[in-house]
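Take a look at the letters that make up each chain.
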Amino acid sequence: MVAPVSGKETFTSLPAPLPSMPLPQLPSTSHLPQAKPAAITLPETEALRWAQALVATYRPRWRINLTRGVDPSLKGEGYAVTVEPNNQVTIEAKTNVGWLYGLLDLAERLQWREPIPAQWRWSPPLAERGLIVENPEWLMKAPRSQEALKNLLRERLKELAWWRFNTLVIKCYGNEANLSRVLNILNQMAPDYGVKVSVWAKVLSPVLQTWLQQGGQVVTEIPTQGNFITVTNDLDLVANQIAQGKVAGFKSQLVAPSIPSTVLQFKRNREKLVLVIGLDEAYREVFWFDPAWAHQLVRSVADAGLSGLWVTVASVPSTWAISAFAKAFKTPNADGEAIWINRWAKQGHQADKWLLLFREASRIVPEILWLGVFPQPQYGSSLKSFFVAQPIDSSWGFKVLSVPEALKLVRRPDDRTTLTADEVARRLEQRASSVWALAAQLPEPAASDWKIAKRLALLNSWLGQFYANKIDAALAWGRFEEGDQTAGQECLLHLAKSVKAWEQVVNIASTIYRPNNRWALRLPEWRRELAEYQAIIARAMP
């Protein structure tokens with residue numbers, strides 16, 4: 001285990017709040033030619049009042065002019081901002097949502113003390129930018145007071161607008177006692193924040209039937225007539241839906257920052273297809289924050305001409321993954337890592353090392369997923385599972401050979417897009433070592449979410465080491481079964497190392513998830529597995 005480092009660092013949470021802080025003077029400005037927009041009367045919506053108040057936190061003397069755009073290149077949610085030297089700021093947009101996003105963009109730049117250009121504009125890279133929330137607490141344990149519930153939901157809508165998510169997908173059973181209250185409030189408030197609401201439910205309850213009658217949208221995994229979106233991992237079903245001109249979602253766990261060729265085979269009606277990416281099953285209770293991958297994925301979806309991207313997040317802390325995608329929506333063509341390095345560096349921290357730590361830790365779980373050993377590999381896999389696993393196929397632009405396939409190789413494939421199981425093991429081992437080395441160089445954070453992030457990065461690293469040892473054990477066991485007597489002891493050595501790695505996982509998890517430590521429940525299983533193979537190999541030895 002990595003020895004603790006003395007000293008503490010204090011960090012801004014992600015997504016960062018809007019604290020008061022001294023700001024530098026604006027640089028001198030120059031102007032680009034622009035069509036003169038038509039002046040309008042300021043609309044009285046709570047979302048715009050909130051966003052203007054955020055800007056006023058930093059620039060109370062600024063006068064914000066909201067104008068209706070005449071520029072034909074400005075689309076629905078887009079905006080153009082002009083900052084003039086006499087405390088005048090003009091935000092040109094064609095919709096209230098465009099104004100809202102322009103104000104929030106301005107507030108975020110001021111918050112982070114970033115240079116304020118004389119003029120800039122933004123258009124959404126994707127039409128659909130959805131966040132899936134699974135059984136949210138505000139649905140399962142809603143406040144009794146209607147006003148308290150309204151305030152709670154208002155804060156959630158503010159977060160979505162700040163992050164630029166324009167679709168909230170509530171994933172639930174469908175007959176929750178508070179569902180009707182929640183939907184009625186969201187139906188009134190969400191449009192002001194540029195958010196539409198969909199419900200992904202297991203049952204079409206009377207509440208959801210009423211929701212549909214009111215024009216609401218429901219997500220289903222089985223095609224149904226009406227205002228439904230079908231979300232599935234069945235490509236034939238997706239093809240059938242979009243051929244009929246219906247919106248459909250293709251769901252997949254995050255294994256690479258790209259779109260599989262099986263999805264790109266759809267040459268027509270791609271604008272009806274939403275990519276639904278899961279940071280849930282395999283990522284539940286583990287860490288993920290990889291801005292480079294988030295930016296790559298958003299660009300890939302945009303370049304492919306898909307309708308958009310929905311993200312479901314169960315990684316921890318969840319706001320970290322959400323904010324990585326949020327920044328990709330805001331600046332899809334920027335260097336995702338450079339943005340965070342620049343921001344964290346302003347707080348006086350070792351930004352490059354922290355980001356490298358988080359990147360290495362975040363890429364461990366996807367590489368475990370490449371092996372195809374278990375739906376939730378973060379909770380471990382047995383040695384036997386490696387012999388029936390179905391690794392990632394070539395539709396992702398590369399493929400992984402399983403343990404049985406690797407055992408049959410005479411020499412390594414010449415194709416550089418093919419990885420063998422033992423090469424995946426070495427990648428996992430290398431990433432784990434990088435995390436340990438970086439963690440040893442970084443002080444213990446004072447902020448609670450950063451403290452958890454660092455611990456979870458270490459948890460990921462020991463998961464990687466566990467799988468590296470398990471792969472090596474499986475390969476050795478395969479050789480032992482083929483008659484190589486010396487491979488038996490090698491198998492036991494790697495199995496023993498995998499148990500030691502899992503003990504480290506349990507130790508770290510116990511500092512975060514006590515008493516609900518799912519990793520601790522698996523430790524006896526791995527110890528029994530080691531004893532089982534020790535007995536088998538002992539009996540087979542002469």
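Note that this is a predicted model, so its numbers are computed, not measured. (Residues numbered from 1 in each chain as written. Predicted model: local features only at pLDDT ≥ 70, side-chain atom pairs only at ≥ 80, totals over all residues. Heavy atoms only, no water.)

(A) Molecular detail of the overall build of the chain. Each helix and strand counted, the chain has 18 helices and 17 strands in total. Expected size for 542 residues packed as a compact globule is a radius of gyration near 24 Å; at 26 Å, the chain falls within 12% of this value. The principal-axis extents of the C-alpha atoms in the chain amount to approximately 90 × 60 × 55 Å. Burial status across the chain gives 55% buried among its 542 residues. Total accessible area computed for the chain in this model is approximately 23200 Å², and 52% of it derives from carbon and sulfur atoms. Computing the positive centroid from 61 side-chain charges and the negative centroid from 50, the chain places the two 5 Å apart. (Helix = DSSP H or I, 4+ residues; strand = E, 2+ residues; numbered from the N terminus. Rg over C-alpha atoms; globule rule 2.2 N^0.38 Å. Buried < 20%, exposed > 50% of the residue type's maximum accessible area, 1.4 Å probe, protein only. Areas by Shrake-Rupley, 256 points an atom, 1.4 Å probe, with all protein chains shown as cover. Lys, Arg positive; Asp, Glu negative; His and termini not counted. Charge placed at Lys NZ, Arg CZ, Asp CG, Glu CD.)

(B) Structural view of the sheet that holds strand 11 (residues 228-232). The 8 strands are arranged 7-8-9-10-11-12-13-14 in a closed barrel whose pairing can be described as parallel. Put simply, the sheet's adjacent strands are angled 25 degrees from each other on average, direction ignored. As judged from the 6 bridges shared by strand 12 (residues 248-253) and strand 13 (residues 273-279), these two strands associate in the parallel manner. Paired with Lys251 across the two strands is Val276, which belongs to strand 13. The strands that helix 5 (residues 179-189) touches are strand 8 (167-172) and strand 9 (196-201); relative to strand 8, the one it contacts most, it runs at about 175 degrees. Packed onto the sheet, helix 7 (residues 235-243) meets strand 11, strand 12 and strand 13 and runs at close to 155 degrees relative to strand 12. (Pairing = 2+ DSSP bridges. Axes fitted to C-alpha atoms, helices over the stretch in contact; angles between N-to-C directions. Contact = heavy atoms within 4.5 Å.)

(C) Region of interest: empty space enclosed by the protein. Enumeration according to the criterion identifies 2 cavities of 30 Å³ or more in this entry. The computed volume of the second largest cavity comes to approximately 50 Å³. Together, Leu371, Val373, Phe386, Ala389, Pro391, Ser402, Val403 and Ala421 line the second largest cavity. Counted by class, the lining of the second largest cavity contains 7 nonpolar, 1 polar and no charged residues. (1 Å grid on protein atoms, 1.4 Å probe; cavity = no way out; pocket = protein on both sides within 12 Å on 5 of 7 lines; lining within 4 Å. Points joined across faces, edges and corners; volume = space filled by probe spheres on them. Nonpolar A, V, L, I, M, F, W, Y, C, P; charged D, E, K, R; others polar.)

(D) Examining the environment of Leu355 more closely. Note on placement: Leu355 falls in helix 12 (residues 351-362). A relative accessible area of 3% means that Leu355 is categorised as buried. With 16 residues separating them in the primary sequence, Leu355 and Leu371 have C-alpha atoms 26 Å apart. If we skip the residues at most four places from it in the chain, Leu355 touches Phe289, Pro291, Glu337, Trp340, Ile341 and Trp344.

(E) Structural detail: the pairing of strand 5 (residues 88-93). With 5 of 6 residues buried, strand 5 lies mostly within the body of the structure. As defined by bridge partners, strand 3 (residues 63-68) adjoins strand 5 across 6 bridges and the pair is classed as parallel. Its bridge partner lying in strand 5, Ile64 is registered against Val89. Here 5 bridges tie strand 4 (residues 79-83) to strand 5, and the two strands are oriented antiparallel to one another. Paired with Val81 across the bridge in strand 5 is Ile91. Linkage of strand 4 to strand 5, two consecutive antiparallel strands, is achieved through a turn of 4 residues, within which Asn87 is found at a positive phi near 65 degrees.

(F) Here's a closer look at the side chain of Asn469. Residue position: Asn469 is located in helix 16 (residues 448-481). On the accessibility criterion, Asn469 (3% relative accessible area) is buried. Ignoring sequence-local partners within four residues, the contact set of Asn469 consists of His494, Lys497, Ser498 and Ala501.

(G) Fine view of the packing of helix 15 (residues 421-441) against helix 16. Between helix 15 and helix 16, the least distance of the axes is 8 Å, while the angle of their chain directions is 150 degrees. Classified by the angle their axes make, helix 15 and helix 16 are roughly antiparallel. In this structure, helix 15 crosses over helix 16, and the sense of that crossing is left-handed. Residues Ala421, Asp422, Val424, Ala425, Arg426, Leu428, Glu429, Ala432, Val435, Trp436 and Ala439 of helix 15 pack against Lys454, Ala457, Leu458, Ser461, Trp462, Gly464, Gln465, Tyr467, Ala468, Ile471, Asp472 and Leu475 of helix 16. The class makeup of the residues in the contact of helix 15 with helix 16 is 15 nonpolar, 3 polar and 5 charged. (Parallel < 35°, antiparallel > 145°, perpendicular 65-115°, else oblique. Left-handed = near helix turned anticlockwise from the far one by under 90°.)

(H) Seen up close, the side chain of Glu176. Inspection of the secondary structure puts Glu176 in the loop between strand 8 and helix 5. We note that Glu176 is buried and unpaired, the nearest opposite charge coming from Lys202 at a distance of 8.7 Å. A polar atom in the side chain of Glu176 sits 2.9 Å from the backbone nitrogen of Gly174. Once residues within four sequence positions are removed from consideration, Glu176 is found in contact with Asn135, Leu139 and Met140. (Salt bridge = Lys/Arg side-chain N within 4 Å of Asp/Glu carboxyl O. Polar contact = N/O pair within 3.5 Å; in protein donor to acceptor, adjacent residues only side chain to side chain.)

(I) The arrangement of the packing of aromatic side chains in detail. Taken as a whole and judged by the stated rule, the model has 32 aromatic pairs. Each ring, one from Trp288 and one from Phe325, has its centre 5.6 Å from the other, and the planes form 20 degrees; the classification is stacked. Residue Trp288 is found in the loop between strand 13 and helix 9 (291-303), and its partner Phe325 is found in helix 10 (residues 318-330); the two are separated by 37 residues along the sequence. Comparing Trp288 with Phe325 shows no difference in burial state: the two are buried. Here Tyr379 and Trp519 contribute two aromatic rings whose centre-to-centre distance is 5.2 Å and whose plane-to-plane angle is 50 degrees, an arrangement assigned as tilted. (Phe/Tyr/Trp six-rings, centres within 6.5 Å; stacked < 30°, edge-to-face > 60°.)

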